[in-house]
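Single-letter residue listing:
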Amino acid sequence: MTGFTARDVPDQSGRCIIVTGANTGIGFEEAKVLARRGARVLLGCRDPGKGEAAIARIRKTVPDADCAVLPLDLADIESIRAAAEIASAEPRIDVLLNNAGVMYPPLRRTAQGFELQLGVNHLGPFAFTALMLPKLAEAGGARVVVTSSLAHWSGRIPWEDLNAERRYRRTQRYSDSKLMNMLFVYELDRRLRIAGIPVSAIGCHPGVAATDLGRHSGLLRPLFPIVGLFLNSPAAAAWPGLQAATDLLASPGSYYGPQQLGGSRGPSGPAKRSDAASNPETARRLWDISAEMTGIDPELSGAV
Ligand SMILES: NC(=O)c1ccc[n+]([C@@H]2O[C@H](COP(=O)([O-])OP(=O)(O)OC[C@H]3O[C@@H](n4cnc5c(N)ncnc54)[C@H](OP(=O)(O)O)[C@@H]3O)[C@@H](O)[C@H]2O)c1
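Everything quoted here is computed from the prediction, not taken from an experiment. (Residues numbered from 1 in each chain as written. Predicted model: local features only at pLDDT ≥ 70, side-chain atom pairs only at ≥ 80, totals over all residues. Heavy atoms only, no water.)

(A) Main features of the overall build of the protein chain. Helices and strands together make up the secondary structure of the protein chain, namely nine helices and eight strands. For 304 residues, the compact-globule estimate of 2.2 N^0.38 gives 19 Å, and the C-alpha radius of gyration of the protein chain, at 18 Å, lies within 12% of that figure. Along the first, second and third principal axes, the C-alpha set of the protein chain runs to 50 × 45 × 35 Å. Within the protein chain, contacts between residues at least 6 apart in sequence are counted, and of these 73% link residues at least 24 apart. Working note: accessible area of the protein chain is about 12500 Å², and carbon and sulfur atoms make up 53% of it. Averaging the locations of the 34 positively and 30 negatively charged side chains of the protein chain gives two centres separated by 6 Å. (Helix = DSSP H or I, 4+ residues; strand = E, 2+ residues; numbered from the N terminus. Rg over C-alpha atoms; globule rule 2.2 N^0.38 Å. Contact = heavy atoms within 4.5 Å. Areas by Shrake-Rupley, 256 points an atom, 1.4 Å probe, with all protein chains shown as cover. Lys, Arg positive; Asp, Glu negative; His and termini not counted. Charge placed at Lys NZ, Arg CZ, Asp CG, Glu CD.)

As structure tokens, this is what we get:
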């Protein structure tokens, strides 16, 4: 549907949803709405203290919210494995909403030596999703949501220097990681369908909203509150992710984003993706190299 907002989220009673990066920004707003609609929400957070504080904030407006912190550092494969083990012990997982991300940090590396934006924005969600697929498949009608960005339009896959060993341009690397999100959700959808696994892969982007994402934006940082006045609030930026996670009319492989001002603000609906975002060869190649780098294969290769 078009014009989707938080009001359109159907009753989520009996469902369990993981939201990564749920302690602040868009993920926090998504977690709050889902809890209000009756879902059990696992807040995937790298700092459990921040996760507990977020739950306390949710309970101020949703006193009976069924929430728990899921310790998850997407910059460490060992933490991702531990989180998947904890989450898989839940009676059911209906949605994995991959929301966490970083933008424009100075050159830093994850525990396994991946450039941070590559690691946290793409390889981490790739590995976590792969590890959660068997559990998701048990639920019947489960979904994996991947959060991309308008920035994916300027992304490219830097095959010659994927891990930024030679050169690091932090703004370009963010766009590249968001194109990877698009290619991941495209390839995941394709492989799930061929394998006949009852899990849908759905993409979304939040438009533009003033959140903590700008923490590495240096001189541009003071502009963020102004952005918030004209573009999306964090609460409105959550609508595409909520639509991808819960809209009963959403079909596998779809992609949602805000409908106003070039996709930067407003209620959610179907969004446009770049041609590069649905290139089958690039998507397949990125999938293979992601499995190789993380050492975690979603085991859908038989479906190719
Ligand atoms: N805001 C926008 O305008 C915009 C536009 C396009 C796309 N997006 C996308 O929307 C998503 C959410 O962004 P946001 O604006 O809500 O940003 P945000 O306010 O900075 O929130 C990002 C979340 O990701 C978490 N995170 C960062 N590194 C992590 C790690 N290693 N492991 C686990 N969690 C980690 C953060 O945790 P900490 O608080 O502990 O750092 C935080 O909870 C991102 O994927 C972003 O790329 C946002």
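Past the structure itself, the notes keep going.
(B) Examining the confidence of the model for the protein chain more closely. Looking at the protein chain, the pLDDT average stands at 95 and 95% of residues meet or exceed 70. When mean pLDDT is compared element by element in the protein chain, strand E1 (residues 16-20) scores highest at 99, while helix H6 (residues 224-230) scores lowest at 70. (pLDDT = per-residue confidence, 0-100.)

(C) Region of the structure containing the site of the ligand. Taken together, the neighbourhood of the ligand is formed by 29 residues, with Asn23, Arg46, Asn99, Tyr174 and Thr211 sitting nearest. Leu213 has a polar backbone atom sitting 3.0 Å from an oxygen atom of the ligand. Relative to its free-state accessible area of 890 Å², the ligand is covered by the protein chains to the extent of 96%. Considered class by class, the residues forming the shell around the ligand number 12 nonpolar, 11 polar and six charged. (Near = heavy atom within 4 Å. Polar contact = N/O pair within 3.5 Å; in protein donor to acceptor, adjacent residues only side chain to side chain. Nonpolar A, V, L, I, M, F, W, Y, C, P; charged D, E, K, R; others polar.)

(D) Just the sheet that holds strand E4 (residues 95-98), in detail. Taken in spatial order, the eight strands line up as E3-E2-E1-E4-E5-E6-E7-E8 in an open sheet, and their pairing is mixed. Each edge of the sheet is formed by a strand with only one pairing partner; in this case those strands are strand E3 (66-71) and strand E8 (265-270). On average, each strand axis in the sheet is tilted by 20 degrees relative to the strand beside it, whichever way the strands run. For E1 and E4, the ladder comprises three bridges, and the chain directions are parallel. Note on E4: the bridge partner recorded for Val19 is Leu97. The sheet strands contacting helix H5 (residues 170-195) are strand E5 (142-147), strand E6 (199-204) and strand E7 (255-260), and the helix crosses E6 at an angle near 155 degrees. (Pairing = 2+ DSSP bridges. Axes fitted to C-alpha atoms, helices over the stretch in contact; angles between N-to-C directions.)

(E) Highlighting the pattern of salt bridges. If you walk through the whole model with that rule in mind, you get 12 salt bridges. Measuring nitrogen to oxygen at the nearest pair gives 3.5 Å for the salt bridge that ties Glu29 to Lys32. Of the two residues, Glu29 and Lys32 are both situated in helix H1 (residues 25-36); the distance of three residues between them amounts to about one turn of the helix. Taking relative accessible area as the criterion, Glu29 reaches 15% and is therefore assigned buried. Overall, the relative accessible area of 18% leaves Lys32 in the buried class. (Salt bridge = Lys/Arg side-chain N within 4 Å of Asp/Glu carboxyl O. Buried < 20%, exposed > 50% of the residue type's maximum accessible area, 1.4 Å probe, protein only.)

(F) Expanded view of the nonpolar core. Formed by 39 residues in total, the largest nonpolar core has its most connected members in Ile18, Ile93, Phe128, Met132, Leu133, Leu136 and Leu188. The element that contributes the greatest number of residues to this core is helix H4 (residues 116-139), accounting for 10 residues. Contact partners of Leu188, with chain neighbours within four places excluded, come to Thr129, Leu133, Val144, Ala201, Trp287 and Leu300. (Core = buried A, V, L, I, M, F, W, Y, C linked by side-chain atoms within 4.5 Å.)

(G) Structural context of helix H3 (residues 77-88). The end-to-end C-alpha separation of H3 is 16 Å, in line with the 16 Å expected for 12 residues at 1.5 Å each. If you check which residues of H3 are buried, you get Ile77, Ser79, Ile80, Ala83, Ala84 and Ala87. The arc that holds the buried residues of H3, viewed along the axis, is 155 degrees, so those residues lie on one side. Buried residues along H3 sit against E1, strand E2 (40-45), E3, H4 and helix H9 (280-294). N-capping of H3 is provided by Asp76, with a side-chain oxygen placed 3.0 Å from the backbone N of Glu78. (Expected span 1.5 Å × (residues − 1). Arc of directions from axis to C-beta.)

(H) The arrangement of the pairing of E2 in detail. Summarising burial for E2: five of the six residues are buried, a large majority. Bridging between E1 and E2 involves five bridges; their strand directions are parallel. Looking at the pairing, Val19 lines up with Leu43 of E2. For the crossover that starts at E1, traverses H1 and ends in the parallel E2, the hand is right-handed. Alignment of E2 against E3, held across six bridges, turns out to be parallel. From the neighbouring strand, Leu42 faces E3, where its bridge partner is Ala68. The parallel pair E2 and E3, bridged by helix H2 (residues 48-61), forms a crossover whose chirality is right-handed. (Right-handed = clockwise from strand over helix to strand, strands pointing away.)

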